[in-house]
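Structural characterization, general
As a plain string of letters, each chain reads:
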Amino acid sequence: MKFWTGTAFMNTAEMPSVAKMLDENGYHGVLVSDHLIFPRELKTRYPATESGVPYWQPDTEWPDAWVLIGAMAAVTENLHFGNNVYIAPARPILEVAKQVGTAGALSNGRVSIGLSAGWMREEFELLGQDFDNRGPRLNEMIQALRALWKGGWVSWKGEYYDIPEMMIEPHPPAPVPILCGGESAAALKRAARYCDGWVGTAYTLEEATVWIDRIKGYRREYGRENEPFEIILGLFDERTPDLYKRAEDIGITGVMCSPWANWDLQHSGDHSHLKGSAEQYRAPIEKFAEEIVSKCL
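Within any chain, residue numbers begin from 1 and follow the written order of that chain's sequence. In keeping with the model being predicted, local features are shown solely for residues with a pLDDT of at least 70 and side-chain atom pairs are shown and tallied solely at 80 or more, while totals for entire chains, interfaces and linings include all residues. Side-chain measures here rest on the full set of heavy atoms in the structure, leaving out hydrogens and waters.

What to know about the pairing of strand S6 (residues 162-166)
Two strands make a pair as long as DSSP finds a minimum of two bridges between them. Starting at the N terminus, helices and strands are each numbered in turn, a helix being any DSSP run of H or I of at least four residues and a strand any DSSP run of E of at least two. As paired strands, strand S5 (residues 154-157) and S6 are joined by 3 bridges and run antiparallel to one another. Considered in S6, the bridge of Trp 156 is made with Ile 163. The antiparallel hairpin formed by S5 and S6 contains 4 residues in its connecting segment.

Some details on helix H8 (residues 241-249)
In this scheme, a residue with accessible area under 20% of its type's maximum is buried, one over 50% is exposed, and one in between is partly exposed, where area comes from a 1.4 Å probe on protein chains only. Turning to H8, its buried residues are Leu 243, Tyr 244 and Ala 247. On an axial view of H8, the arc spanned by its buried residues comes to 90°, and they lie on one face. Whether two residues are in contact is decided by their heavy atoms, any of which lying within 4.5 Å being enough. Packed against the buried residues of H8 are strand S1 (2-6), helix H7 (205-221), strand S9 (230-235), strand S10 (254-256) and helix H10 (282-291). Directly after H8, the chain includes Gly 251, whose backbone phi takes a positive value near 110°. By definition, the arc is the one covered by directions from the helix axis to the C-beta atoms.

Observations concerning the pattern of salt bridges
For this document, the term salt bridge refers to a Lys or Arg side-chain nitrogen within 4 Å of an Asp or Glu carboxyl oxygen. Enumeration according to the criterion identifies 12 salt bridges in this entry. Residue Arg 146 is joined to Asp 196 by a salt bridge in which the shortest nitrogen-to-oxygen separation is 2.9 Å. You can see Arg 146 sitting in helix H5 (residues 134-148) and its partner Asp 196 sitting in the loop between helix H6 (185-194) and strand S8 (197-203), a full 50 residues away along the chain. Taking relative accessible area as the criterion, Asp 196 reaches 25% and is therefore assigned partly exposed. The residue Glu 227 makes a salt bridge to Arg 224 at a minimum N-O spacing of 2.9 Å.

Some remarks on the packing of aromatic side chains
For Phe, Tyr and Trp, rings pair up if their centres lie within 6.5 Å, where Trp contributes its six-membered ring, and each pair is then called stacked (planes under 30 degrees apart), edge-to-face (over 60) or tilted (otherwise). Under the defined criterion, the tally for this structure stands at 16 aromatic pairs. Aromatic side chains Phe 9 and Tyr 55 sit 6.2 Å apart centroid to centroid with 55° between the ring planes, which places their arrangement in the tilted category. Within this pair, whereas Phe 9 is found in the loop between S1 and helix H1 (15-24), its partner Tyr 55 is found in the loop between strand S2 (29-32) and helix H2 (65-74), the two being separated by 46 residues in sequence. Owing to a relative accessible area of 3%, Phe 9 belongs among the buried residues under this scheme. The exposure class assigned to Tyr 55 is partly exposed, which follows from its relative accessible area of 23%. Measuring from ring centre to ring centre gives 6.2 Å for Tyr 27 and Phe 288, while their planes differ by 20°; the resulting arrangement is stacked. Here Tyr 27, found in the loop between H1 and S2, pairs with Phe 288, found in helix H10; they are 261 residues apart in sequence, far enough to count as distant. Site record: aromatic cluster; members linked through ring pairs are Phe 9, Tyr 46, Tyr 55, Trp 56, Trp 62 and Trp 119.

With respect to the sheet that holds strand S7 (residues 178-181)
The 8 strands are arranged S3-S2-S1-S10-S9-S8-S7-S4 in an open sheet whose pairing can be described as parallel. Across the chains shown, the open sheet's two edge strands, defined by having one partner strand only, are strand S3 (80-83) and strand S4 (113-115). Adjacent strand axes in the sheet meet at a mean angle of 30° when their direction is disregarded. Both S1 and S10 contribute to a ladder of 3 bridges, which runs parallel. The residue of S10 that forms the bridge with Trp 4 is Met 256. Helix axes are fitted only over the stretch in contact, all axes being lines through C-alpha atoms; the angle between N-to-C directions runs from 0 to 180 degrees. Relative to the sheet, H2 contacts S2, S3 and S4, its axis offset from that of S3 by approximately 170°.

Quick notes on the nonpolar core
Residues belong to a common nonpolar core when they are buried Ala, Val, Leu, Ile, Met, Phe, Trp, Tyr or Cys residues joined through side-chain atoms within 4.5 Å. Counting residues in hydrophobic clusters, the biggest one holds 87 residues, and the most contacted among them are Phe 3, Tyr 27, Ile 113, Trp 198, Leu 235, Tyr 244 and Ile 252. Of all the elements, H5 adds the most residues to this core, at 7 residues. In this structure, Phe 3 is in contact with Tyr 27, His 28, Gly 29, Tyr 244, Val 255, Cys 257, Phe 288, Ile 292, Val 293 and Cys 296, ignoring residues within four places of it in sequence. In terms of nonpolar packing, the next biggest core, distinct from the first, is built from 6 residues, Trp 4, Leu 31, Val 199 and Ile 232 among them.

Remarks on unusual backbone geometry
Cis geometry is adopted by the peptide bond preceding Val 85, which originates at Asn 84 and carries an omega value of 5°. By the element assignment, Val 85 lies in the loop between S3 and helix H3 (93-106). Residue Glu 169 is joined to Pro 170 through a cis peptide bond whose omega torsion reads 5°. Counting through the fold element by element, Pro 170 comes out in the loop between S6 and S7. One non-glycine residue with positive phi stands out, namely Phe 9, at about 75°. Positive phi, normally seen in glycine, also occurs at Asn 108, with a value near 60°.

Right, here's the structure in full:
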């Protein structure tokens, strides 16, 4: 089992030090969240709350994912980095290819990318990207990125992107795994058809089984059921080595654990318990590593 943690709601400047602690204690990786801005007038409804209002404050820090990953990679040796999730179609495709390729080169291949179609129209409009076709455009972007990361002279021609032959260096030392987040039918089908894995949110193990069965069904539909496939998600059940063994048995390859998190506070919008210095994370990181991570390798 691969143990991942997140960075949401932490102090940006403390994150590299926390990454170093995770690396020293045998965790597999860090997943970085993504938002560009929080508009004064947010007209788009947030889909994950009944009220339609995000559960974080406007001044919440959302550091640029790839700048942060570069900083964390520089102070670690084995830790891997990904996203939960990165709103790639809000950005120009060459910008995404360049940032991820550079992070892959700097980290010696310790990066993946977890993509999502996104929900906030305002972010897309501020960056000059079409919000209404973001789903099919993301499907094509996934295929185009793989071509752009091959190194040497590369190009892509499709319905949404027409990229003439060019060099875009540095390129990653190995193919970058592409995962997809989201729970809609379109997102699950995207993961099953085009991606190397799926990033969920948090569930009980029983709930996770339902989502995994749906993804497996789509993968069979696309003839990909025998290909390697990552499934990363959080689990609400009591954290024990046996839980993660059962999770592996149903196809979960990675869990988001965040040993310092207080979920009740976090989802109420109170993130003050995450705002201290990196040192406050040391004890829960070491405790979870000793009690769980070391017993699940």
